Amino acid sequence: MADVEQIYEQYFQEVYLFALSLSRNQQIAEEITQETFVKAVKNIDQFKGNCKISVWLCQIAKNTYFTYMDKQKRFEPGPPPDTRSGTSLTMEQQLIDKTEALRIHKLLHNLKEPYKEVFTLRVFGELSFDHISQIFGRTESWARVTFHRARNIIQDLLLEEKP
């Protein structure tokens, strides 16, 4: 139990700041952070040790946040349906945007590490290159180069998919 407490004390602030960068809300960030550590304790046997524990915890936090947001969307009432003719273009654009986002997420899912994690932390976590470099224990320059390489790989794969 002392190990769990030590991990909690050592990484709480980092995980909280990451959750705060995702949610931009202190209360949500606190909930996400607490849930992250609960999940980490339950699944500590799944930690393979092929990355820093802080990266693993931030990954759990990111997934917890996205699950939280999905649940919120289900319970929030959407805008009333609009039957005016001008809304069909907006609806089509929304479908195109969602389809494009799904394509990018699929490509990202198959991306090798550390490109996948750095890209995710930068784009979805909106972390600075400095914070990313601290998570990986590398230089800020390494974080920038890795991110740009990941972005280029994704862009190339998107171009290959286009008919």
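Above: the structure in question.
Bear in mind the structure is a predicted one, so any value in this text is a computation, not a measurement. (Residues numbered from 1 in each chain as written. Predicted model: local features only at pLDDT ≥ 70, side-chain atom pairs only at ≥ 80, totals over all residues. Heavy atoms only, no water.)

Asker: Which residues make up the packing of helix α6 (residues 129-136) against helix α7 (residues 140-161), and what values go with them?
Answerer: Between α6 and α7, the shortest axis-to-axis distance is 8 Å and the interhelical angle comes to 105°. Our classification of the angle between α6 and α7 gives roughly perpendicular. Residues F129, D130, I132, S133 and F136 of α6 lie in contact with α7, whose contacting residues are E140, W142, A143, R144, F147 and H148. Looking at the contact of α6 with α7 residue by residue, the class counts come to six nonpolar, two polar and three charged. (Axes fitted to C-alpha atoms, helices over the stretch in contact; angles between N-to-C directions. Helix = DSSP H or I, 4+ residues; strand = E, 2+ residues; numbered from the N terminus. Parallel < 35°, antiparallel > 145°, perpendicular 65-115°, else oblique. Contact = heavy atoms within 4.5 Å. Nonpolar A, V, L, I, M, F, W, Y, C, P; charged D, E, K, R; others polar.)

Asker: Kindly report on the packing of aromatic side chains, identifying the contributing residues and their values.
Answerer: Applying the stated criterion across every chain, the model contains eight aromatic pairs. Seen from their ring centres, F12 and Y16 are 6.1 Å apart, and the 5° between their planes marks the pair as stacked. Pair noted here: F12 and Y16 are both in helix α1 (residues 2-23), with a separation of four residues, about one helical turn. Assessed through its relative accessible area of 24%, F12 is described here as partly exposed. With a relative accessible area of 12%, Y16 lands in the buried category. Feature note: the residues Y8, F12, Y16 and F37 constitute an aromatic cluster, connected by ring pairs. The side chain of R122 reaches across the aromatic face of F129, ending 4.0 Å from its centre. (Phe/Tyr/Trp six-rings, centres within 6.5 Å; stacked < 30°, edge-to-face > 60°. Buried < 20%, exposed > 50% of the residue type's maximum accessible area, 1.4 Å probe, protein only. Lys NZ or Arg CZ within 6 Å of the ring centre and 35° of its normal.)

Asker: I'd like a description of the pattern of salt bridges, backed by residues and values.
Answerer: In this structure the tally under the stated criterion is one salt bridge. Between E140 and R144 there is a salt bridge, with the nearest N and O atoms lying 3.0 Å from each other. Placement of both E140 and R144 in helix α7 is noted, with a separation of four residues, approximately one turn of the helix. Residue class for E140 comes out partly exposed when judged on its relative accessible area of 32%. (Salt bridge = Lys/Arg side-chain N within 4 Å of Asp/Glu carboxyl O.)

Asker: So what about α6? Which residues, and what values?
Answerer: Listed as buried for α6 are F129, I132, S133, I135 and F136. Along the axis of α6, the buried residues cluster in a sector spanning 160°; they form a single face. Phi turns positive one or two residues past the end of α6, at G137, with a value near 70°. (Arc of directions from axis to C-beta.)

Asker: Which residues make up helix α2 (residues 26-42), and what values do they have?
Answerer: Look at α2: 24 Å from first C-alpha to last across 17 residues, which is about the 24 Å you get at 1.5 Å a residue. Within α2, burial applies to I28, A29, I32, T33, T36, F37 and A40. Mapping the buried residues of α2 onto a view down its axis gives an arc of 165°, with all of them on the same face. For α2, exposure combined with an orientation more than 90 degrees from the buried face picks out Q27 and K42. By the N-cap criterion, in which a side-chain oxygen at the helix start approaches the backbone nitrogen of a residue two or three places on, α2 is capped by N25, the distance to Q27 being 2.9 Å. (Expected span 1.5 Å × (residues − 1). Polar contact = N/O pair within 3.5 Å; in protein donor to acceptor, adjacent residues only side chain to side chain.)

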